[in-house]
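Fold and contact review
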Amino acid sequence: MDQKAFDRNVLIDQEEVLRPKMVTVEIAGKKYYRTKDDPKVRTCLACSTAVEDGMSFSMMAPFPARKATYQMAELKDPKQDLFNLYPEAPMCRNCNACTEACPQGIDVRDGVWKAVFGDFKSVSEMFMDCVMCGLCTPVCIADIAPNLVALYASRAQGAHFMEKPKRLQERIGEIEQGHYTKEWDRILGMNDQELKDVCAAIK
Ligand code: SF4
Ligand code: SF4
C-alpha cells in the first residue's frame, strides 16, 4: 500500500475525490434501471444502453413463462387454435404495462389484441424488432406472455397464410419429381479435389 495514502498531512482534494466519473460500459442482458433525479424505474437492453452517471440498475433473470407446445404444420385452424394454446390471451386488461416495458418500442398491448382478433399479418409485422427479451411478460397482470403469443401468430402467418412465391413452389415441385437427383448423385460422388475443380470452373 502506498504510504502516501495514509499521510494525514497530505491535503485531499475532496471535491475531486467525490466527483462521479463518467463511465461507458455495456453489459449483455436485460435490466431494470433508474437514472439520477428520475424516480421512474425503466427497462432496457443492457447490450445497447450505456451506463450513466448516477444510474442504478439490476439485471433481470429469465422469467419462467409458459410456452405452448405445437406442431405448426399440423394445425388446422391456427387462428382458433390460439385460444387452445394460449387461453389467457383474450384476458388482456389493457393495462399497457407490456408496452411500457418493451425496450424495442413495440405496441405490445395492441399486438396481443390483434392476435386475439386473428390479424396475424399485422402481428408479424409489428413484432419484427422483438428480441425475445421477455421484459413484457412479468409485468402482465393477466399472466400472458405477449412475446410468445406474437411468436405463435407470426409463425402461423408464415406457415399458413402467406402466399408462397410462385417460382419457389415450382422449384420445390421439380425437386420432388427428381429433376435434380442425377446431378446431386454426381456431386455427392465427387472427392474433395473434384469438387474444388468443379467449383473453380464455375467461378
Ligand atoms: S420480448 Fe419482445 S415484445 Fe416483449 S419486451 Fe422484449 S422486445 Fe418487447
Ligand atoms: S400487460 Fe398483459 S394485461 Fe396488460 S396490456 Fe399487456 S397483455 Fe394486456
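Keep in mind that what you see is a predicted model, and the values were worked out from it rather than measured.

For the rest of this paragraph, the subject is the sheet that holds strand β3 (residues 56–59). Pairing is antiparallel across the open sheet formed by 3 strands, whose spatial order is β2-β1-β3. Edge positions in the sheet fall to β2 (42–45) and β3, since each of these pairs with one other strand and no more. Sheet twist, expressed as the mean angle between neighbouring strand axes with direction ignored, is 30 degrees. Of the pairings in the sheet, the one linking strand β1 (residues 30–34) to β2 comprises 4 bridges and is antiparallel in character. In the strand pairing of β2, Tyr32 is matched with Thr43.

Taken together, 14 residues form the shell around ligand 1, and within it Cys102, Cys130, Cys133, Cys136 and Asn147 come nearest. Split into classes, the residues belonging to the shell around ligand 1 amount to 11 nonpolar, 3 polar and no charged.

Moving on, we get to helix α4 (residues 108–116). Burial within α4 is extensive, with 7 of its 9 residues counted as buried. Those residues of α4 not exposed but buried are Val108, Arg109, Gly111, Val112, Lys114, Ala115 and Val116. Next to the buried residues of α4 lie α2 (78–85), α3 (97–101), α5 (120–126) and α6 (146–161). Gly118 sits one or two residues past α4 and shows a positive phi near 80 degrees.

Our next topic: the site of ligand 2. Of all residues adjacent to ligand 2, which total 16 residues, the nearest are Cys92, Cys95, Cys98, Arg109 and Cys140. Elements represented by at least two residues in the shell around ligand 2 include exactly α3 and α4. Within the shell around ligand 2, the residues separate by chemical class into 12 nonpolar, 2 polar and 2 charged.

Before going further, it helps to spend a moment on unusual backbone geometry. Here the phi dihedral of Asn94 falls at roughly 60 degrees; this positive angle occurs in a residue that is not glycine. Given 10 C-beta atoms within 10 Å, Asn94 falls into the exposed group. One non-glycine residue, Asn96, lies in positive phi territory at about 75 degrees. Inspection of the secondary structure puts Asn96 in the loop between α2 and α3. By C-beta crowding, Asn96 is classed as partly exposed, having 14 other C-beta atoms within 10 Å.

Quick look at the nonpolar core now. In terms of nonpolar packing, the biggest core is built from 28 residues, with Ala89, Val112, Ala115, Val149 and Ala153 touching the most fellow members. Those elements giving two or more residues to this core turn out to be α3, α4, α5 and α6. The leading source of residues in this core is α6, at 6 residues. Those residues in contact with Val112 that sit more than four places away from it in its chain are Ala89, Cys92, Ile144, Pro146 and Val149.

What follows covers the confidence of the model for the protein. The share of residues in the protein with pLDDT of 70 or more is 86%, and the mean pLDDT across the chain is 88. Scored below 50 in pLDDT, residues 1–5 makes 1 contact in the model with residues more than four places away or belonging to other chains. Taken together, the stretch residues 17–27 has pLDDT below 50 and engages in 12 contacts with residues farther than four places along the chain or on a different chain.

About the criteria used
- Residue positions are given per chain, counted from 1 along the sequence in the order it is written.
- For this description, chains carry letters from A and ligands carry numbers from 1, given in the order in which they are written.
- Only residues with pLDDT of at least 70 get local features here, since the model is predicted, and only at 80 or more are side-chain atom pairs given and counted; chain-wide, interface and lining totals rely on the full set of residues.
- Two strands qualify as a pair provided DSSP detects at least 2 bridges between them.
- In DSSP terms, a helix is any run of H or I states spanning at least four residues, a strand is any run of E spanning at least two, and both are numbered starting from the N terminus.
- Angles run from 0 to 180 degrees between N-to-C directions of axes, and those axes are lines fitted to C-alpha atoms, restricted for helices to the stretch in contact.
- All residues are tested the same way: a C-beta atom is placed from the backbone, and lying within 6 Å of a molecule or strand makes the residue near it.
- Each residue receives one of three labels: charged for Asp, Glu, Lys and Arg, nonpolar for Ala, Val, Leu, Ile, Met, Phe, Trp, Tyr, Cys and Pro, and polar for the others, Gly being one of them.
- A residue is called partly exposed when the number of other C-beta atoms within 10 Å of its own lies between 12 and 20, exposed at 12 or fewer, and buried at 20 or more, with C-beta atoms placed from the backbone.
- Whether two residues are in contact depends on their C-beta atoms, placed from the backbone: they are in contact if these lie within 7 Å.
- Note on terminology: a nonpolar core is any set of buried Ala, Val, Leu, Ile, Met, Phe, Trp, Tyr and Cys residues joined through C-beta atoms within 7 Å.
- pLDDT runs from 0 to 100 and stands for how confident the predictor is about each residue.

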